[in-house]
Amino acid sequence: MIWNNNKECMPREQMRELQGKRLHKIVDYLYHNVPFYRDKLQQMDIKPEDITSIDDIVKLPFTTKQDLRDNYPFGLQAAPQSEVIRFHASSGTTGNPTIVGYTRKDVGVWSECMSRCLTAFGVTRDDLFSVAYGYGLFTGGLGVHYGVENLGAAVLPTSTGNTEKHVRLLRDLHVTGIACTPSYALYLAETMEKMGVTKDMINLRVGAFGAEPWTENMRKEIESRLGLKGYNIYGLSEIMGPCVSYECSEQNGSHVCEDHFFPEIVDPETLEPLPYGQPGELVFTTLTKEGMPLLRYRTRDLCTLYDGTCACGRTSVRMGRILGRTDDMLIIRGINVFPSQVESVILSMPECAPHFLLVVDRVDNLDTLTVQVEVRQEYFAQGFDTFEPIFKLERELAAKLRSVLSINAKVQVKAPGTLERSQGKSKFVIDNRILK
Ligand code: ADP
Ligand code: ZN
């Protein structure tokens, strides 16, 4: 099903025309309301009237997270304070939080785009939907919440924490949908198993997972343990929050809400735009935002964009999975390593649970990588609590990691439940090199 047929399935030429008109308007608005952008545009000798089509986007300056930090807290806000009805702050995974203000119209656009996502996942007015993203400064909780209400389904604002109570509510209220981080979905499955609640005792059928990178293997794992179908949802607070892109039933990439957020892929080194089909850094321009519109915001997320009509009927550009962030890419002995690569190796081993930690260190001027991973409960109960099978598993995992990453990693297989769990975004890496 499609929430907004007119926008989601708009013929490409018409969409580009709409994007061009909106781009001109937003540049004009920023020129007159945000000194930071006016100065930048003047330095580059660009006037709002020079921007007449979406192709002109390449003339515009980039915006970085550092620009947001330098202008903390309100420097990039375009709307007057009296028009702003809500503030969020990014979770600050990689530094100080960023403050984002939303006008009433912005919150409306957000709810509209969230409703598009949920409808693509098959959520209807008949669903009872648990929002288990954190409520508060993080955009996940309230963002999805408003989308569920706008769609007309019922929302259960569970937030994170008190997972056992959450499991009881899922069971007793016959909750049919859930939104949370993929790592929290696994934690929920673990908690259910501990409580003796099987997937047949609950009614979950659809899950909206995002806010952190995850893999196809993780999808299979969550789907089989919770008995639902899992969909990818992507977003970031600087641009809006969850709703920027979403999977459809085809699950071959995530459709971008392109009438509001214009995506580009650029080479992260040269900043040259790259064609569809080539991986690079994802860049977004907000086309309709009033509170804090951004031009060519560098997300630091690495992915690939695809065009072409999808079998679901939507015409919008699709994003591949996030391959990593330019800033979470580890360089170990000169080799680029993404935690997601390690994760896919771990999940390809049936003995390993999807809980792991990468510890990077420097010993005698040489980088070292240690991968800690938990063995699955069922294997642990069947002999994996002794040294021999554990050592064998460690050797096998090390060999697989070597072939995928091209570096030697030390593997430590741990007992179930020993690595720290996260209820929000997971922390997969400890880089001790930075601390020295
Ligand atoms: P931050 O983590 O930068 O403080 P946010 O809380 O706004 O800020 O998180 C946005 C980031 O979360 C994105 O830039 C991306 O790296 C990650 N993210 C969000 N959704 C997904 C997803 N579906 N897959 C992978 N990564 C995601
Ligand atoms: Zn589709």
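The rules behind each value
Sequence order as written defines residue numbering, which begins from 1 separately in each chain. All chains are assigned letters beginning with A, and all ligands numbers beginning with 1, in the order in which they are written. Only residues with pLDDT of 70 or above have their local features reported here, since the model is predicted, and side-chain atom pairs are shown and tallied only from 80 upward, although totals for entire chains, interfaces and linings are computed over all residues. For side-chain calculations, the full set of non-hydrogen atoms in the structure is used, while hydrogens and water are omitted. Pairing between two strands requires that DSSP report at least two bridges joining them. Only DSSP runs of H or I with at least four residues qualify as helices, and only runs of E with at least two residues qualify as strands; both kinds are numbered from the N terminus onward. Only buried residues count toward a nonpolar core, which is a set of Ala, Val, Leu, Ile, Met, Phe, Trp, Tyr and Cys residues joined through side-chain atoms within 4.5 Å. When a residue's accessible area, from a 1.4 Å probe over protein chains only, is under 20% of the maximum for its type it is buried; when over 50% it is exposed; and in between it is partly exposed. Helix span, expected: 1.5 Å multiplied by one less than the number of residues in the helix. Two residues form a contact once any of their heavy atoms are found within 4.5 Å. One speaks of a salt bridge when a side-chain nitrogen belonging to Lys or Arg is within 4 Å of a carboxyl oxygen belonging to Asp or Glu. Here the term donor refers to an N, O or S atom within 2.8 Å of the metal (or 3.2 Å for Na, K and Ca), and because water is left out of the atoms, sites may appear incomplete. Every angle between 85 and 135 degrees makes a four-donor site tetrahedral, while opposite donors more than 155 degrees apart, with all other angles between 65 and 115, make a four-donor site square planar and a six-donor site octahedral; other sites are irregular. Where each domain starts and ends follows an automatic or database-derived domain assignment. Accessible area that two parts lose when put together, with a 1.4 Å probe and added across both, is what the buried area reports. Throughout this description, a polar contact denotes any pair of N or O atoms lying within 3.5 Å of each other; where both atoms belong to protein, one of them has to be capable of donating a hydrogen while the other can accept it, and for residues adjacent in sequence the pair is counted only when both atoms sit in side chains. When residue character is reported, Ala, Val, Leu, Ile, Met, Phe, Trp, Tyr, Cys and Pro are called nonpolar, Asp, Glu, Lys and Arg charged, and the others, Gly included, polar. By the criterion used throughout, a crossover qualifies as right-handed when its path from the first strand across the helix to the second strand runs clockwise, the strands pointing away from the viewer. Only the stretch in contact is used when a helix axis is fitted, and all axes are lines through C-alpha atoms; the angle between N-to-C directions ranges over 0 to 180 degrees. Throughout this description, any angle smaller than 35 degrees is read as roughly parallel, any larger than 145 degrees as roughly antiparallel, any in the 65 to 115 degree range as roughly perpendicular, and the remainder as oblique.

Novice: In this structure, what is going on with the sheet that holds strand β15 (residues 324-325)? I would like to understand it.
Specialist: Within a beta sheet, neighbouring strands are joined by backbone hydrogen bonds and run either parallel or antiparallel to one another. Taken in spatial order, the 4 strands line up as β10-β11-β12-β15 in an open sheet, and their pairing is antiparallel. In this open sheet, the two edge strands, each paired with only one partner strand, are β10 (261-266) and β15. When strand β12 (residues 297-303) meets β15, the two strands line up antiparallel, connected through 2 bridges. Counted as the bridge partner of Asp301 is Arg325 from β15.

Novice: What's the story with the nonpolar core in this structure? I'm lost.
Specialist: Nonpolar side chains in soluble globular proteins tend to be buried together. Ranked by size, the top nonpolar core spans 66 residues in total, and within it Leu23, Phe121, Phe129, Phe261, Phe284 and Met319 carry the most contacts. With 28 residues, the next largest nonpolar core counts Val337, Leu358, Ala409 and Phe428 among its residues.

Novice: Would you mind going over helix α2 (residues 12-33) with me for this structure?
Specialist: Each α-helix turn comprises 3.6 residues. Residues three or four places apart therefore point the same way. Between its first and last C-alpha atoms α2 spans 31 Å; for 22 residues at 1.5 Å apiece the expected length is 32 Å, and the two agree. Taken together, the buried positions of α2 are Met15, Leu18, Gln19, Gly20, Leu23, Ile26, Val27, Leu30 and Tyr31. Taken together, the buried residues of α2 touch α1 (5-8), α3 (35-43), β10 and β11 (280-286).

Novice: Just checking my understanding: could you explain the pattern of salt bridges for this structure?
Specialist: Charged atoms that come close allow side chains of opposite charge to pair. With the rule as written, the count across this model stands at 25 salt bridges. In this structure, the salt-bridge partner of Arg376 is Glu221, at a minimum N-O distance of 2.5 Å. On the criterion of sequence distance, the pair formed by Arg376 in the loop between β19 (366-375) and α11 (377-380) and Glu221 in helix α9 (residues 216-226) is long-range, its members being 155 residues apart. Relative accessible area serves as the criterion here: at 14%, Arg376 is assigned to the buried category. A single network of salt bridges, built from pairs that share partners, joins Glu193, Glu221, Arg225 and Arg376.

Novice: I would appreciate a short explanation of the coordination of the zinc ion (ligand 2) in the present structure.
Specialist: Any two of four tetrahedral donors ideally make an angle of 109.5 degrees at the metal, while pairs among six octahedral donors ideally make 90 or 180 degrees. Every protein donor of the zinc ion (ligand 2) is accounted for by Cys248 (SG), His255 (NE2), Cys310 (SG) and Cys312 (SG), and the metal-donor separations fall at 2.1 to 2.3 Å. One way to put it: the 4 donor atoms around the zinc ion (ligand 2) meet at angles of 104 to 114 degrees, and that makes the site tetrahedral. If you list the donors of the zinc ion (ligand 2) from N- to C-terminus, the spacing comes out as C-x6-H-x54-C-x1-C. Residue Cys248 is found in the loop between β8 (242-247) and β9 (254-256), and its partner Cys312 is found in the loop between β13 (305-306) and β14 (318-319); the two are separated by 64 residues along the sequence. Residue Cys248 is classed as buried on the basis of its relative accessible area of 0%.

Novice: Can you help me understand the domain arrangement of the protein chain in this one?
Specialist: The figure often quoted for interface size is the accessible area lost as the parts come together. Domains assigned within the protein chain are domain 1 (1-327) and domain 2 (330-435). On a C-alpha basis, the centroid separation for the pair domain 1 and domain 2 is 30 Å. Contacts between domain 1 and domain 2 engage 24 residues on the former and 15 residues on the latter. Counting the surface lost from both domain 1 and domain 2, the interface buries some 1600 Å², and carbon and sulfur atoms represent 52% of this. Summed over the shared surface of domain 1 and domain 2, the number is 2 salt bridges. Ionic pairing is found between Arg421 and Glu190, a salt bridge with its closest N-O pair at 2.9 Å. Inspection of the region where domain 1 meets domain 2 yields 4 residue pairs in polar contact (both at pLDDT 80 or more). Listed by contribution, the elements that provide at least two residues to the side of domain 1 that touches domain 2 are α8 (182-195), α9 and β15. Looking at which element gives the most residues to the side of domain 1 that touches domain 2, the answer is α8, with 5 residues. Here the residues of the side of domain 1 that touches domain 2 are counted per class, giving 9 nonpolar, 10 polar and 5 charged.

Novice: What exactly am I supposed to notice about the pairing of strand β5 (residues 177-180) here?
Specialist: Walk down a regular strand and you will see the side chains alternate between the two sheet faces. Residues Gly177 and Ala179 of β5 are buried on one face, and the alternating residues Ile178 and Cys180, pointing to the opposite face, are buried as well. Of the pairings in the sheet, the one linking strand β3 (residues 128-131) to β5 comprises 3 bridges and is parallel in character. Looking at the pairing, Ser130 lines up with Ile178 of β5. Running through α8, the crossover from β5 to the neighbouring parallel element strand β6 (residues 206-210) is right-handed.

Novice: Explain the sheet that holds strand β4 (residues 154-156) to me, please; I cannot follow it from the model alone.
Specialist: What the 9 strands build is an open sheet, ordered β4-β3-β5-β6-β7-β8-β9-β14-β13; its pairing is mixed. Either end of the sheet is taken by a strand with one partner, and the two such strands are β4 and β13. Along the sheet, helix α5 (residues 104-120) makes contact with β3, β7 (229-235) and β8, crossing β8 at roughly 20 degrees.

Novice: Is there a simple way to think about the environment of Arg318 in this case?
Specialist: Position of Arg318 relative to the elements: it lies in strand β14. Residue Arg318 is classed as buried on the basis of its relative accessible area of 8%. Taking the C-alpha atoms as reference points, Arg318 and Thr98, separated by 220 residues in sequence, lie 27 Å from one another. Apart from the residues lying within four places of it in its own chain, the contact partners of Arg318 are Asn252, Gly253, Ser254, His255, Thr304, Leu305, Tyr306, Asp307, Gly308 and Cys310. Within the structure, the side chain of Arg318 is placed 3.1 Å from the backbone oxygen of Asn252, a separation counted as a polar contact.

Novice: Explain the packing of helix α7 (residues 163-172) against α8 to me, please; I cannot follow it from the model alone.
Specialist: Think of two packed helices as two axes; the pair is described by the angle between the axes and how far apart they sit. Close contact between α7 and α8 brings their axes to 10 Å; oriented N to C, the two are set at 80 degrees. Classified by the interaxial angle, the pair formed by α7 and α8 is roughly perpendicular. Counting all contacts with α7, which are made through Thr163, Glu164, His166, Val167, Arg168 and Leu170, the residues of α8 involved are Tyr184, Tyr187, Leu188, Thr191, Met192 and Met195.

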